[in-house]
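Chain by chain, the residues run as shown.
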Amino acid sequence: AFVFFITLSCTSDKDKNLITKPEKVPELNVLYNNGLNYYKEGKYKNALKLFKKVETRYSFSDLAPRATLMITYIYYQNSDYFNTLKFARKFQTLYPKNQNIAYINFLIAMTFYEQVQIVARDQTYTKAALKEFKGIIKKYPNSKYAKESKLKIDLVKEQLAGKHMYLARFYMEKSKWISAIKRLNIILEEYPETIYTIETLHRLVEIYYKLGNIPLAKKYAATLGHNFNDSDWYKKTYKVVVDQNYKTDTEKTKIKLRNKIKSIFKLSK
């Protein structure tokens, strides 16, 4: 019995050493304001830690959505786009009617926009950014973010048109004319206001002349001349048209000459 008592006593002392005292959580305003101070000082890890405590310990308070907003922005500011999206989506789910919801949507769009690759690479983020910017204009047409989204959409469209032009040039180098035409037509149909429209018209003139479809080539040349006659691309197009007409006329002359020679030989027999 004595030994059993000793064992129990030792065990109790050990358990007491393992018990941790509950963390004293500062008051809500103190916690949030300290987080803000850390942010202003550039101590982002400390700021994130405190804002996350506001989220978890005071989840039903008025400062909880503001804490989530700050977390989202800090991650965005530090180019941590994975966590930016994570907390932005969380904000959308928890606070869909919050006054800052339009800004959160804009941050999501910008997160995709910041990850846009050069035209030679995959354009998944570009397409995602375009979708998000369009959504902002539709949902919040009178917000300042809608105006900024319109400007960003123009840049995104330039990027997507550039991708199609990159592929069109590639197909032209491989003499894959139909594939090139498909890409060029996408530019004319979906991105007609981009800087690539002028080059697109010129490329179509080149391709259709190579394919022997002279009327269609001249049609695109006329469109280019009517709308962009001061551009360098029009000068190149004009040169193509003139050279091709010269070649065509030369070929016709050779045919006529052959026919004349043939007729002379026939008469001499």
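Provided above is the structure to which this section pertains.
Quick caveat, the model's predicted, so the values are computed rather than measured. (Residues numbered from 1 in each chain as written. Predicted model: local features only at pLDDT ≥ 70, side-chain atom pairs only at ≥ 80, totals over all residues. Heavy atoms only, no water.)

J.: I would appreciate a short explanation of the packing of helix α10 (residues 196-211) against helix α11 (residues 214-228) in the present structure.
T.: The geometry of α10 relative to α11 is characterised by a closest axis approach of 8 Å and an angle of 160° between their N-to-C directions. With respect to α11, the element α10 is oriented roughly antiparallel. Two packed elements cross with a definite hand, and for α10 against α11 that hand is left-handed. On α11, the residues touching I198, L201, H202, L204, V205, Y208 and Y209 of α10 are I214, L216, A217, K218, Y220, A221, T223, L224 and F228. Grouping the constituent residues of the contact of α10 with α11 by class yields 13 nonpolar, two polar and one charged. (Axes fitted to C-alpha atoms, helices over the stretch in contact; angles between N-to-C directions. Helix = DSSP H or I, 4+ residues; strand = E, 2+ residues; numbered from the N terminus. Parallel < 35°, antiparallel > 145°, perpendicular 65-115°, else oblique. Left-handed = near helix turned anticlockwise from the far one by under 90°. Contact = heavy atoms within 4.5 Å. Nonpolar A, V, L, I, M, F, W, Y, C, P; charged D, E, K, R; others polar.)

J.: What is the right way to read unusual backbone geometry from this model?
T.: Both trends apply: most residues other than glycine have a negative phi, and most peptide bonds are in trans. Of note in the backbone geometry, S79 takes a positive phi value of approximately 60° without being a glycine. Counting through the fold element by element, S79 comes out in the loop between α4 (63-77) and α5 (81-94). Unlike most non-glycine residues, S175 shows phi in positive territory, near 60°. Checked against the element boundaries, S175 lands in the loop between α8 (144-173) and α9 (177-190). Residue classification places S175 among the partly exposed residues on the basis of a relative accessible area of 44%. (Buried < 20%, exposed > 50% of the residue type's maximum accessible area, 1.4 Å probe, protein only.)

J.: I keep staring at the nonpolar core and nothing clicks. Help me out?
T.: Note on soluble globular proteins: their nonpolar side chains tend to be buried together. Within the largest apolar cluster, 51 residues are counted, with the highest numbers of intra-cluster contacts made by F133, V205 and I207. Per element, the largest residue contribution to this core is 10 residues, and it comes from α8. Excluding anything up to four places from it in sequence, V205 contacts A217, Y220, A221, T237, V240 and V241. Judged by nonpolar contacts, the second largest core, of 16 residues, contains A47, L50, V54 and F87. (Core = buried A, V, L, I, M, F, W, Y, C linked by side-chain atoms within 4.5 Å.)

J.: Any chance you could explain the packing of aromatic side chains here in plain terms?
T.: Both the distance between ring centres and the angle between the ring planes are used here to describe each pair of aromatic rings. Considering all chains together, one arrives at 13 aromatic pairs under this definition. Ring centres of F106 and F133 lie 6.2 Å apart, and the angle between their planes is 55°; this geometry places the pair in the tilted category. Note that F106 is positioned in helix α6 (residues 101-113) and F133 in helix α7 (residues 124-139), a separation of 27 residues in sequence. Considered together, F106 and F133 belong to a single accessibility category, that of buried residues. Among the aromatic residues, those joined into a ring-pair cluster are Y103, F106, Y113, F133 and Y145. Just above the ring of Y113 sits the side chain of K152; from NZ or CZ to the centre is 5.5 Å. (Phe/Tyr/Trp six-rings, centres within 6.5 Å; stacked < 30°, edge-to-face > 60°. Lys NZ or Arg CZ within 6 Å of the ring centre and 35° of its normal.)

From the geometry alone we can't say anything about function, so treat these as descriptive.
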